[in-house]
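So the chains spell out like this:
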Amino acid sequence: MRQFVKLSLVFSLLLLVLTVLLIEVPESYLENRASFKLPQDSKFIVIGHSHSECSFNDTLIDDLRNLSGSGESYFYTYLKTKQVLEQNPLIETVFIEFTNNQVSPIMDDWTWDDEHMNHRYPKYSPFMNRKEKITLASNNFTGFIASNFKTAKEGVGRILSKDYQYIRETPLSKPASNEHILDSLILDAKKKGPLKKDSKLSEVNVDYLRKIVKLCKENDKNIVLVRSPLHSSYRGYSNESLYHKIRKKYFSDINYLDFSSVSLDDSNFYDLEHLNEKGAKAFSLWFDAFLKKNPDLDSVNEVYLDLNLETN
Amino acid sequence: MLFNSIDFAVFLPIVFILYWFVTQKHLLVQNLLIVFASYLFYGWWDWRFLLLIFSSTVIDYFVGRGLAKQDIKARRKALLWTSIVVNLGILGVFKYYNFFVDSFVDMFSLFGMQMKASSLDIILPVGISFYTFQTLSYSIDVYKRKLEPTKDFIAFSAFVSFFPQLVAGPIERASNLLPQFYKKREFNYSKAIDGMRQILWGLFKKIVIADNCAEYANIIFNNSADYSGSALVFGAVLFAFQIYGDFSGYSDIAIGTSKLFGFNLKQNFNFPYFSRDIAEFWRRWHISLSSWFRDYLYIPLGGSRGSISMKVRNTFIIFIVSGFWHGANWTFVVWGALNALYFLPLLLFNKNRVNIDTIAKNRLLPGFKEFIMILFTFGLTVFAWIFFRADSMEHAISYITNIFSSSLFSIPYIFEPDTGLPILPKMILLLIALFVLVEWLGRDGQYGISNVVKIRSRVFRWSIYLAICFMIILFHGKQQEFIYFQF
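Residues numbered from 1 in each chain as written. Chains lettered and ligands numbered in written order. Predicted model: local features only at pLDDT ≥ 70, side-chain atom pairs only at ≥ 80, totals over all residues. Heavy atoms only, no water.

Draft legend 1. Region of the structure containing the overall build of chain A. Secondary structure assignment for chain A yields eleven helices and six strands. Expected size for 312 residues packed as a compact globule is a radius of gyration near 20 Å; at 21 Å, chain A falls within 12% of this value. Over its C-alpha atoms, taken along the principal directions, chain A stretches across nearly 75 × 50 × 40 Å. Out of the 312 residues belonging to chain A, those deemed buried represent 52%. Long-range pairs, those at least 24 residues apart, make up 80% of the contacts in chain A with a sequence separation of at least 6. With 40 positive and 43 negative side-chain charges, chain A shows a separation of 6 Å between the mean positions of the two kinds. (Helix = DSSP H or I, 4+ residues; strand = E, 2+ residues; numbered from the N terminus. Rg over C-alpha atoms; globule rule 2.2 N^0.38 Å. Buried < 20%, exposed > 50% of the residue type's maximum accessible area, 1.4 Å probe, protein only. Contact = heavy atoms within 4.5 Å. Lys, Arg positive; Asp, Glu negative; His and termini not counted. Charge placed at Lys NZ, Arg CZ, Asp CG, Glu CD.)

Draft legend 2. Representation of the packing of helix H3 (residues 50-69) of chain B against helix H4 (residues 73-110) of chain B in the model. All names here are of chain B. Two elements in contact, H3 and H4, have axes whose closest approach is 9 Å; the angle formed by their N-to-C orientations is 170 degrees. Taken together, the axes of H3 and H4 are roughly antiparallel relative to one another. Contact residues: H3 offers Leu52, Ser56, Ile59, Asp60, Val63, Gly66 and Leu67, while H4 offers Arg76, Leu79, Ser83, Val86, Asn87, Ile90 and Phe94. For the contact of H3 with H4, a count of residues per class yields eight nonpolar, four polar and two charged. (Axes fitted to C-alpha atoms, helices over the stretch in contact; angles between N-to-C directions. Parallel < 35°, antiparallel > 145°, perpendicular 65-115°, else oblique. Nonpolar A, V, L, I, M, F, W, Y, C, P; charged D, E, K, R; others polar.)

Draft legend 3. Quick peek at the pattern of salt bridges. Within the structure shown, the criterion is met by 28 salt bridges over all chains. Here A:Glu218 ties to A:Lys214 by a salt bridge, and the two come within 3.9 Å at their closest N and O atoms. Of this pair, A:Glu218 and A:Lys214 both sit in helix H9 (residues 203-218), four residues apart, roughly one helical turn. A:Lys214 carries the same exposure label as A:Glu218, and that label is exposed. Among the salt bridges present, the one from B:Arg48 reaches B:Asp46, with a minimum N-O distance of 2.7 Å. On the basis of relative accessibility, which here comes to 11%, the residue B:Asp46 falls in the buried class. Through salt bridges that share partners, B:Arg276, B:Glu280, B:Arg284, B:Arg363 and B:Glu370 make up one connected network. (Salt bridge = Lys/Arg side-chain N within 4 Å of Asp/Glu carboxyl O.)

Draft legend 4. Inspection of helix H11 (residues 287-301) of chain B at higher detail. All names here are of chain B. Taking 1.5 Å per residue, 15 residues should reach 21 Å; H11 reaches 20 Å between its end C-alpha atoms and fits that length. Within the sequence span of H11, burial applies to Ser288, Leu289, Ser290, Ser291, Trp292, Phe293, Asp295, Tyr296 and Tyr298. Structurally, H11 contributes buried residues whose contacts are with helix H5 (128-143), helix H10 (278-284), helix H12 (308-326) and helix H13 (330-348). Among the residues trailing H11, glycine 302 stands out with phi positive, at a value near 120 degrees. (Expected span 1.5 Å × (residues − 1).)

Draft legend 5. Main features of the packing of aromatic side chains. If you walk through the whole model with that rule in mind, you get 93 aromatic pairs over all chains. Lying across the ring of A:Tyr256, A:Arg247 places its NZ or CZ 3.8 Å from the centre. Between the NZ or CZ atom of B:Lys95 and the centre of the ring of B:Trp325, over which it lies, the distance is 5.3 Å. (Phe/Tyr/Trp six-rings, centres within 6.5 Å; stacked < 30°, edge-to-face > 60°. Lys NZ or Arg CZ within 6 Å of the ring centre and 35° of its normal.)

Draft legend 6. Molecular detail of the interface of chain B and chain A. In this complex, chain B contributes 22 residues to the contact, which on the side of chain A involves 21 residues. Approximately 1900 Å² of surface area, both sides summed, lies buried where chain B meets chain A, with 87% of it carried by carbon and sulfur atoms. Sorting the residues of chain B by area buried against chain A places B:Ile6, B:Trp462 and B:Leu474 first, and these three jointly supply 30% of that buried surface. Connecting chain B to chain A are zero salt bridges. The interface formed by chain B and chain A holds one residue pair in polar contact (both at pLDDT 80 or more) in total. Looking at the side of chain B that touches chain A, the elements with two or more residues in it are helix H1 (6-22), helix H8 (189-222) and helix H17 (458-475) of chain B. If you tally residues by element for the side of chain B that touches chain A, the top one is H17(B), at nine residues. (Buried area = accessible area lost by both parts, 1.4 Å probe. Polar contact = N/O pair within 3.5 Å; in protein donor to acceptor, adjacent residues only side chain to side chain.)

Draft legend 7. Spotlight on the packing of H5(B) against helix H6 (residues 153-161) of chain B. All names here are of chain B. Across the interface, H5 lies against H6 with an axial gap of 9 Å and an inter-helix angle of 140 degrees. For the element pair H5 / H6, the angle class is oblique. Where H5 approaches H6, its residues Tyr131, Gln134, Thr135 and Tyr138 are matched on the opposing element by Phe156, Phe159 and Val160. Residues belonging to the contact of H5 with H6 are distributed by class as follows: five nonpolar, two polar and no charged.

Draft legend 8. Broad picture of unusual backbone geometry. Residue A:Asp220 is not a glycine yet carries a positive backbone phi of 55 degrees. Tracing the backbone through its elements, the reader meets A:Asp220 in the loop between H9 and strand E4 (222-227). Its relative accessible area of 71% is what places A:Asp220 among the exposed residues. Even without being glycine, B:Arg145 reaches a positive phi, approximately 60 degrees. You can see B:Arg145 is positioned in the loop between H5 and H6. For B:Arg145, a relative accessible area of 52% corresponds to the exposed category.

This is the structure in structure tokens:
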């Protein structure tokens with residue numbers, strides 16, 4: 001028995017050391033080679049999750065790159081933004097999606113639940129510090145271990161295929177609305193009745209938004225918080241008062257553009273919180289014109305309640 | 001709790017330490033620990049269904065005690081039927097209720113009679129078919145006086161719920177496993193090392209082979225209308241490797257884990273894809289289930305004795321029931337019937353026990369004829385797996401119809417429909433090839449890498465183990481639940 005335990009421990013230790021090396025070596029190799037480079041003309045970037053990802057079609061907006069990622073919490077957005085700003089000093093303005101669900105506790109899940117961590121961690125772990133890794137491990141240890149195995153797999157894969165490009169080339173665009181889906185979502189929202197007030201907060205997500213803002217300020221970038229268009233039946237408004245409370249408390253000095261209530265008919269929505277291709281086109285063309293009219297973005301602290309977009 | 005989860009990686013060493021270092025001096029306490037650990041293992045998934053295992057344990061224990069005291073044949077029979085009705089009743093309600101209701105409604109609608117019947121929203125308890133059959137075998141063996149009924153309720157509970165094989169087998173006979181709970185287990189170094197090695201190989205089969213094949217097989221099966229005939233054949237082959245890696249991998253982990261605790265479970269797979277005919281395949285695939293049906297259904301029905309019509313009847317019964325055991329869907333029934341059709345010619349021409357020995361024994365490669373026979377048997381098996389994997393009969397038929405089209409002889413079109421991305425990295429094909437090679441070289445052992453023990457150099461042995469560990473880390477597929485959990 002003693003021999004078995006001794007050999008098992010030695011083997012486990014050896015395996016552990018080699019596994020750590022298998023994770024750490026590719027990580028440090030990638031940290032030095034990862035490319036977050038954008039085209040030279042990139043003056044504006046948009047960061048956030050799927051709401052902004054589906055709203056800003058950067059092929060229709062001059063000098064703008066949409067770097068939003070579906071299902072991305074600010075924890076990972078911060079890591080990405082840090083690298084992007086470092087490697088692209090010519091960026092002038094950072095548009096940060098700031099919408100209702102980004103203050104809600106669901107963002108904690110988006111940061112460390114099995115599915116999201118397994119998806120994001122392997123990509124961003126080379127750029128995380130010890131404290132950030134501890135945050136993830138302390139909230140979901142088993143998911144953290146599993147994500148590290150995936151990190152080794154993806155890291156070695158990237159090195160072998162010499163794939164050091166970390167910025168996706170094409171933005172996500174949701175296909176044209178499926179009317180049946182949208183109708184049933186609207187009906188479902190109506191059935192649920194009036195919104196109940198929700199005041200639960202994701203402290204981690206708000207902290208990381210503050211970190212992003214601080215990072216941008218340190219790098220002398222213009223910062224604009226943006227709320228993308230939302231359908232009037234969207235249930236996420238339930239935390240509206242908390243949302244504004246957080247905005248006033250931490251980001252009152254930051255420019256804010258609220259497109260959540262722009263007039264867009266149902267044919268522009270994929271679902272209640274995402275524009276479809278048609279909606280994104282209308283919105284992006286308007287936004288392009290808007291940027292040209294306001295090149296310095298000096299008077300953009302406005303709430304666009306009655307904006308009516310041409311959607312032909 | 002899944003074997004391929006971090007939870008189990010923490011659970012196993014804790015139970016191992018408690019088992020050998022804390023409770024070893026007292027057999028009763030050690031058995032109690034097994035019961036507690038097994039209930040925790042099962043309850044991790046859904047604690048509510050522990051009541052079913054406990055009920056099954058209590059009923060069969062008392063049926064056994066009743067049979068011990070009873071000599072009157074009619075009363076003994078009544079006790080046996082109590083066990084059968086209760087166990088199969090629970091299985092029937094949870095697994096087959098909706099199937100029967102839906103089938104009756106469909107059948108009546110064929111005659112123009114519209115019936116309304118509501119299906120129940122039932123969750124299928126994991127592993128119910130496995131532990132039900134295990135406890136049933138105890139009652140039947142006691143009834144037939146092949147086994148002394150136990151007086152030890154804790155040992156019997158441990159036998160029914162033994163966590164390594166609780167949810168996906170091997171289905172153990174009471175005559176093999178139960179007596180092992182009566183005796184004090186002694187730690188055996190070689191056996192424990194062998195167990196660890198078998199667990200490692202099982203994890204490789206599951207995580208590298210099955211989970212990777214599953215991803216691609218799922219894409220092809222779920223979008224079968226978008227693929228060429230050749231790609232569909234490819235999808236079916238991938239599923240064949242998925243189900244083998246998945247299920248035999250589970251069995252290896254179960255058997256290996258049992259060895260760590262000093263138990264011997266029966267071999268459940270014996271390199272079935274190297275079989276030279278279907279009869280041999282069924283002696284090598286899911287052996288614990290095949291032998292269960294042989295002993296408790298086929299032989300009582302008369303087996304292969306009697307007239308030709310009896311032989312045909314018995315063969316169809318055993319294969320169809322075996323198919324139905326796998327799931328409440330007509331696809332499984334057809335899968336069973338198809339295997340009966342494959343098997344019948346061998347039985348009728350008395351060729352079903354021709355290939356008994358290890359394939360190409362003492363030779364590196366099979367002969368040409370053997371190779372063709374292996375390929376042919378594999379092909380038949382793959383064809384039958386299409387029914388097993390398909391969601392419905394319509395799906396299976398359209399899948400097969402699409403195979404036999406002009407695109408059958410084209411280069412397999414294996415791109416994901418929506419994205420146009422290639423779905424199968426070359427690395428997976430290399431891993432499958434490596435897997436087949438290792439299994440071929442280890443075919444005279446209990447599992448693929450059991451012969452590694454013969455290598456004298458510890459450095460070399462450890463290098464092999466480490467290489468397998470790194471392949472698991474680097475080439476793991478997306479975690480999938482074990483297929484046989486649903487049965």
